[in-house]
Amino acid sequence: MALINEHYLKLGANYLFADIAKRVNVYKATHTDARVISLGIGDVTQPLAPAVVEAMHRAVDDLGSSERFHGYGPEQGYLWLREAIVRNDFLPRGIHLDASEVFVNDGAKSDTGNIGELIRWDNSMAVTDPIYPVYVDSNVMNGRAGTCNEQGEWSNVVYLPCTEANGFVPQVPDRRVDMIYLCYPNNPTGTTISKDELRKWVNYALRNDAIIFYDAAYQAYIQDDDVPHSIYEIRGARKCAIELRSYSKTAGFTGVRCGYTVVPKELTASTMDGSRRVALNPMWNRRQCTKFNGTSYVSQRAAEATYSPDGRKQVAESIGYYMENARMMRQTLADAGLRVYGGENAPYLWVRTPDGKGSWQFFEELLYGAQVVCTPGVGFGPSGEGFVRFTAFGNRADCEEALDRIRKYI
Ligand SMILES: *Cc1c(COP(=O)(O)O)cnc(C)c1O
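Reference entry: report on the structure contained in this document. Just so we're clear, the structure is a prediction, and the values are computed from it rather than from any experiment. Each chain has its residues counted from 1, following the order in which its sequence is written. Confidence filtering applies because this is a predicted model: local features only for residues at pLDDT of at least 70, side-chain atom pairs given and counted only at 80 or more, and all residues used for totals across whole chains, interfaces and linings. Hydrogens and water are ignored here; the side-chain numbers use all heavy atoms of the structure.

## Examining the sheet that holds strand β15 (residues 387–391)
Alright, step 1. Across the sheet, 4 strands lie side by side as β11-β12-β15-β14; this open sheet has antiparallel pairing. The two strands at the open ends of the sheet, each matched to only one other strand, are β11 (340–342) and β14 (375–376).
Alright, step 2. Note on pairing: two strands pair once DSSP finds at least 2 bridges between them. Strands here mean DSSP runs of E at least two residues long; helices mean DSSP runs of H or I at least four residues long; both are numbered from the N terminus. Relative to strand β12 (residues 348–352), β11 runs antiparallel, the two being bridged by 3 bridges. Within β12, the residue paired with G342 across the bridge is L349.
Alright, step 3. On top of the sheet, helix α11 (residues 359–370) reaches β14 and β15; it is set at about 50° to β15, its chief contact. Two residues form a contact once any of their heavy atoms are found within 4.5 Å. Interaxial angles span 0 to 180 degrees and are taken between N-to-C directions of axes, which are lines fitted to C-alpha atoms, for helices over the stretch in contact.

Below you can see the structure in the form of structure tokens.
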């Protein structure tokens, strides 16, 4: 008799975006001539950089040629891409990685969800609150998160609140945990972590023999010089951290699919009886060779093109476009009297609801009063209550009109 993995039954449906869509549809059904603008989407809108498109065309022609055809590639990704990553994303910041420490993937979500299988199912974990849901849900599926209480908190997960009071910088836990998920610049708050604060986490992990999973999907949006792009800018991080990156938000690859995971050779963890330390890099390599067959040749050529002189310039322009949206949004919302966080080194703004309103209440008010859609912060965790998230991924004209309406409404 095949028995299901009952951990899946503990997962609620992922209601947040379905719930938003439902409420927007109710509004539209009763206000048929209204034009609703969404500042809630977490997807890019600008087209791919021309250098990337050219590289993809060339790659397709390769696949159509008997001399340049490519079948299965290396499970770890093509060496030319891994070397380009090492040379462009890390070396300029003084980080020396070997190409064998880089694993190319089909986007960061898969590895973020899968990487936890290297660690025993009963190890404890900590996450920031609010949070990108993958970190917890993937651990619910393998039984690590424990059981859920009525507040939606899991028994084996330590929650680290990120609030106005602590400047959205979580404090290291007052107890031992084995695994920690950090995301900077942060989705949903759009805030960053300084080198000094990140150092506390690396030191905590080294002291407690914990592993940090560092999601740097938004590092390309960092504008300030003193904000770390990589956790490996911190001494000792190679011994305790795995970093996940993606071309999705960096270069508009949400539909192309390419990212990578760094598993340093120096990163080790103990066996249960403590007799042996085992390197995670060969374990992840073994896992990838068994369960993954590489991301497409075309996607990898596309990723490589983001590092060409033209590619870099064009990718930077599109990030500049979104960051100009973010700047306008910050300005307008702050001028309207709202308390606004993030949006300076990330495409997200985390906005305090006025007069202590709940996230959903303010969401409805903006929908009915300004025909603008945002994302209720409470959907990302209990500490998100009393906030909404705006994204800067819209096109300029929509963004301007939405801001105009919000200003008039407030
Ligand atoms: C968008 C996003 C990613 C990247 O997802 P992909 O699978 O690479 O498209 C990773 N982490 C966070 C927090 C994100 O918001």
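## Some details on the packing of aromatic side chains
Alright, step 1. Any two rings among Phe, Tyr and Trp, with Trp reduced to its six-membered ring, count as a pair given centres within 6.5 Å; such a pair is stacked if its planes are under 30 degrees apart, edge-to-face if over 60, and tilted if neither. Under the defined criterion, the tally for this structure stands at 24 aromatic pairs.
Alright, step 2. Note on Y247 and Y260: the rings are 6.1 Å apart at their centroids and 55° apart in plane angle, and the pair reads as tilted. One end of the pair, Y247, is in helix α7 (residues 247–251); the other, Y260, is in strand β8 (residues 259–262), and 13 residues separate them in sequence. Each member of the pair Y247 and Y260 is classed as buried.
Alright, step 3. A network of ring pairs unites the aromatic residues Y218, Y221, Y321, Y322, Y348 and F393 as a single cluster.
Alright, step 4. Sitting over the ring of W80, R301 keeps its end group 3.7 Å from the ring centre. Note on exposure labels: buried denotes an accessible area under 20% of the residue type's maximum, exposed denotes more than 50%, and partly exposed covers the range between, all computed with a 1.4 Å probe on protein chains only. Look at NZ for Lys and CZ for Arg. If either is within 6 Å of the ring centre and within 35 degrees of the ring normal, a charge sits over the ring.

## Comments concerning the pattern of salt bridges
Alright, step 1. Salt bridges are defined by distance alone: a side-chain nitrogen of Lys or Arg within 4 Å of a carboxyl oxygen of Asp or Glu. Considering all chains together, one arrives at 28 salt bridges under this definition.
Alright, step 2. We note a salt bridge from R23 to D19, for which the minimum N-O separation is 4.0 Å. One end of the pair is R23 and the other is D19, both in helix α1 (residues 16–30) and 4 residues apart, which spans about a single turn.
Alright, step 3. Using a relative accessible area of 21% as the deciding quantity, one classes D19 as partly exposed.
Alright, step 4. R339 serves as the salt-bridge partner of E164, at 2.9 Å between the closest nitrogen and oxygen. A residue pair is termed long-range when its members are at least 10 positions apart, and E164 in the loop between β4 (157–161) and β5 (179–183) and R339 in the loop between α10 (309–335) and β11 qualify at 175 residues.
Alright, step 5. On the basis of relative accessible area, R339 is assigned to the partly exposed category, the value being 45%.
Alright, step 6. Among the ionic contacts, a cluster of salt bridges with common partners joins D19, K22, R23 and E364.

## A few points about the sheet that holds strand β6 (residues 211–215)
Alright, step 1. Reading across the sheet, the 7 strands line up as β2-β8-β7-β6-β5-β3-β4 and stay open at both edges, with mixed pairing between neighbours. Strands with a single pairing partner mark the edges of an open sheet, and in this sheet they are β2 (102–105) and β4. Pairwise comparison of adjacent strand axes, ignoring direction, gives a mean angle of 20° for this sheet.
Alright, step 2. Bridge count for β5 against β6 is 5 bridges, and the pairing is parallel. Paired with L182 across the bridge in β6 is Y214.
Alright, step 3. Strands β2, β6 and β7 (241–246) of the sheet are contacted by helix α8 (residues 280–291), whose axis makes an angle of about 25° with β2.

## Remarks on the site of the ligand
Alright, step 1. The local shell around the ligand holds 14 residues, among which D215, Y218, S246, S248 and K249 are the closest.
Alright, step 2. Between A108 and the ligand, the recorded distance is 2.6 Å, taken from a backbone N or O atom to an oxygen atom.
Alright, step 3. D215 places a polar side-chain atom, nitrogen or oxygen, 2.6 Å from a nitrogen atom of the ligand.
Alright, step 4. Accessible surface area values rest on a Shrake-Rupley calculation with a 1.4 Å probe, where residue burial reflects the displayed protein chains alone. Alone, the ligand offers 390 Å² of accessible surface; in the complex the protein occludes 93% of this.
Alright, step 5. A 1.4 Å probe that fits but cannot get out identifies a cavity on a 1 Å grid over protein atoms alone, an open set with protein on both sides within 12 Å along at least five of seven lines counts as a pocket, and a residue lines either if it has an atom within 4 Å of a point. Those molecules having more than half of their atoms within 2 Å of a cavity or pocket grid point set are described as sitting in that cavity or pocket. Spatially, the ligand is embedded in the largest pocket.
Alright, step 6. Sorting the residues of the shell around the ligand by element identifies α4 (108–114) and α7 as the ones contributing at least two each.
Alright, step 7. Split by residue class, the shell around the ligand holds 6 nonpolar, 4 polar and 4 charged. When we say a residue is near a molecule or strand, we mean one of its heavy atoms is within 4 Å of it. Pairing of N or O atoms within 3.5 Å defines a polar contact, subject to two protein rules: one partner must be a possible hydrogen donor and the other a possible acceptor, and residues neighboring in sequence count only if both atoms are side-chain atoms. In this classification, the charged set is Asp, Glu, Lys and Arg, the nonpolar set is Ala, Val, Leu, Ile, Met, Phe, Trp, Tyr, Cys and Pro, and all remaining amino acids, among them Gly, are polar.

## Brief notes about the pairing of β4
Alright, step 1. Looking at chain direction, strand β3 (residues 125–129) and β4 are connected through 5 bridges and run parallel. Bridge pairing links M125 to V157 in β4.
Alright, step 2. A clockwise course of the path from the first strand over the helix to the second, judged with the strands pointing away from the viewer, identifies a crossover as right-handed. The β-α-β motif built from β3, the intervening helix α5 (residues 134–141) and the parallel element β4 has right-handed crossover chirality.

## Things to note about the layout of surface pockets
Alright, step 1. Grid points are joined across faces, edges and corners, and a volume is the space filled by probe spheres set on the points. By volume, the largest pocket is sized at about 1,600 Å³.
Alright, step 2. Looking at the lining of the largest pocket, the elements with two or more residues in it are α1, α4, α5 and α7.
Alright, step 3. Among the elements that line the lining of the largest pocket, the one with the most residues is α5, at 6 residues.
Alright, step 4. What lines the second largest pocket is a set of 22 residues, and nearest its centre among them are D89, Q219, A220, T250 and R312.
Alright, step 5. Counting residues per element, the ones that place at least two in the lining of the second largest pocket are α3 (79–90), β7, α7 and α10.
Alright, step 6. If one sorts the elements of the lining of the second largest pocket by residue count, α10 sits on top with 4 residues.

## A short note on the packing of helix α2 (residues 50–63) against helix α9 (residues 297–305)
Alright, step 1. Close contact between α2 and α9 brings their axes to 8 Å; oriented N to C, the two are set at 145°. In the crossing of α2 with α9, the sense of the turn from one axis to the other is right-handed. Here A51, V52, A55, M56, A59, V60, D62 and L63 of α2 come into contact with α9, specifically with Y297, V298, R301, A302 and A305.
Alright, step 2. Its residues assigned to classes, the contact of α2 with α9 comprises 11 nonpolar, no polar and 2 charged. In a left-handed crossing the near helix is turned counterclockwise from the far helix by less than a right angle, and in a right-handed crossing that turn is clockwise.

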